[in-house]
Amino acid sequence: MRILQLSCHLSLNCVHVTNDNITTPHNTNNMDSVAAELMDLLHTANNHEDVVKCYSGIAETFDKIQEALAYVGAKNGVKKCLEIGEVPKTARILDIGAGTGIVGEMLQSMGYENLDALDGCQELLEKSRERNCYRNLFCSFVVPDAELPVEKKAYDLVVMPGVVYPAHILPTAFGQVIKVVKKGGLISWDMMVGQPEAYQKDIGVMFREENFEKYVNSYVDEGLWELVGKYDITFVERPSASLNENAVCYIMRVLK
């Protein structure tokens, strides 16, 4: 759960928070409470700046918060993609929404070494640097109308674990992700199924299944990618009103 686009190679001095109701979790001694509060805050977020404000104050405890949420969707989705895509250990991989580097650390432990990270929160990226699993770190939002600050057609695989989500990465921005993947390369993400709380807001309408598929298929119709498959995975091991237990892992193959 993380992400964003501002095109600053590890510097986020330009973030301005405009929603005074957005803050960071307060009770940092109780991880269950912090996790629940974080989800409540994210559901009131209306833009990337709101999201950064949420994440920047909890970088030191973010891993523990994810443990409290029993969030396993990121690792499960990436593992499924590696398995189905038969991704070689030499693959160049971009982890979008890298956060503190949990997925990067897992990939490194599996023998993948050519890894880059992109996230919109500098504080989270600095924590990922401590894991020593990425070669390059990029601080950037992912938005429809701005290119990513990475080399075009450079990656064999882009993973977006847990960040295709309201106020994070919108399906209208997938075109920018496609631009950085080699022809024949893969793009993968996981997202909750059903009607979780976040999808009920106006900002979440495009994530409802009947709408989301239209966005995915629009890139199919343009000949930019094709569906490799959609696979059921466990998203959280302790579901709540904010987080559904199940998710689907999308795997797409870039065609141009």
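Residues numbered from 1 in each chain as written. Predicted model: local features only at pLDDT ≥ 70, side-chain atom pairs only at ≥ 80, totals over all residues. Heavy atoms only, no water.

What exactly am I supposed to notice about the sheet that holds strand β2 (residues 115-119) here?
Remark on secondary structure: sheet strands pair via backbone hydrogen bonds, oriented parallel or antiparallel. Spatial ordering of the open sheet is given by β3-β2-β1-β4-β5-β7-β6, a layout of 7 strands whose pairing is mixed. Two strands in the sheet have a free side with no partner beyond their single neighbour: β3 (136-139) and β6 (225-234). Sheet twist, expressed as the mean angle between neighbouring strand axes with direction ignored, is 15 degrees. Relative to β2, strand β1 (residues 93-96) is paired through 4 bridges, and the arrangement is parallel. In the strand pairing of β2, I96 is matched with L118. Where helix α4 (residues 73-85) meets the sheet, it contacts β4 (155-160), β5 (181-192), β6 and β7 (246-254), and its direction lies at approximately 130 degrees from that of β6. (Pairing = 2+ DSSP bridges. Helix = DSSP H or I, 4+ residues; strand = E, 2+ residues; numbered from the N terminus. Axes fitted to C-alpha atoms, helices over the stretch in contact; angles between N-to-C directions. Contact = heavy atoms within 4.5 Å.)

How do you make sense of the side chain of N114 when you look at a structure like this?
With respect to the secondary-structure elements, N114 resides in the loop between α5 (102-109) and β2. A polar atom in the side chain of N114 sits 3.5 Å from the side chain of R135. Non-local contacts of N114, meaning those with residues more than four positions away in its chain, are made with T90, A91, R92, I93 and R135. (Polar contact = N/O pair within 3.5 Å; in protein donor to acceptor, adjacent residues only side chain to side chain.)

So what exactly am I meant to see when it comes to α5 here?
Since the α-helix advances by 3.6 residues per turn, residues separated by three or four positions end up pointing in the same direction. Considered for burial, the residues of α5 that qualify are I102, V103, G104, M106 and L107. Contacts from the buried residues of α5 go to α3 (62-68), α4, β1 and β2. Positive phi shows up at G111, right after α5, with a value of about 105 degrees. (Buried < 20%, exposed > 50% of the residue type's maximum accessible area, 1.4 Å probe, protein only.)

What exactly am I supposed to notice about the pattern of salt bridges here?
Two side chains of opposite charge can pair, provided their charged atoms sit close to one another. For the coordinates displayed, the defined rule picks out 13 salt bridges. Between D63 and R131 there is a salt bridge whose closest N-O contact spans 2.9 Å. One end of the pair, D63, is in helix α3; the other, R131, is in the loop between α6 (122-129) and β3, with 68 residues separating them in the sequence. In this structure, K179 and E147 form a salt bridge, with 3.5 Å as the shortest nitrogen-oxygen distance. Highlighted residues: K179 in the loop between α7 (174-178) and β5 and E147 in the loop between β3 and β4, separated in sequence by 32 residues. (Salt bridge = Lys/Arg side-chain N within 4 Å of Asp/Glu carboxyl O.)

Would you mind going over the confidence of the model for the chain with me for this structure?
One rule of thumb: low pLDDT means the predicted coordinates there are not for detailed reading. Averaged over the chain, the pLDDT score is 85; the fraction of residues at 70 or greater is 83%. Between residues 1-28, whose pLDDT stays under 50, and residues either more than four places distant or in other chains, the model counts 109 contacts. (pLDDT = per-residue confidence, 0-100.)

I would appreciate a short explanation of the packing of α4 against α5 in the present structure.
For any two helices packed against each other, the geometry comes down to the angle between their axes and how far apart the axes lie. Two elements in contact, α4 and α5, have axes whose closest approach is 10 Å; the angle formed by their N-to-C orientations is 40 degrees. Here α4 lies oblique to α5, going by the angle between them. For the crossing formed where α4 meets α5, the hand is right-handed. Across the interface between the two elements, A74, K75, V78, K79 and L82 of α4 pack against I102, V103, M106 and L107 of α5. Per-class residue counts for the contact of α4 with α5 are 7 nonpolar, no polar and 2 charged. (Parallel < 35°, antiparallel > 145°, perpendicular 65-115°, else oblique. Left-handed = near helix turned anticlockwise from the far one by under 90°. Nonpolar A, V, L, I, M, F, W, Y, C, P; charged D, E, K, R; others polar.)

So what exactly am I meant to see when it comes to the packing of aromatic side chains here?
Considering all chains together, one arrives at 12 aromatic pairs under this definition. Ring centres 4.8 Å apart and planes at 10 degrees place the aromatic pair W189 and Y250 in the stacked group. Taken together, the residues span a long stretch of sequence, with W189 in strand β5 and Y250 in strand β7 at a distance of 61 residues. Here the two residues W189 and Y250 agree in accessibility, since each one is buried. Ring centres of F207 and F212 lie 6.2 Å apart, and the angle between their planes is 25 degrees; this geometry places the pair in the stacked category. Judged on exposure class, the residue F207 and its partner F212 are both buried. Through pairs of rings, three or more aromatic residues link up here, namely F174, W189, F207, F212, Y219, W225 and Y250. (Phe/Tyr/Trp six-rings, centres within 6.5 Å; stacked < 30°, edge-to-face > 60°.)

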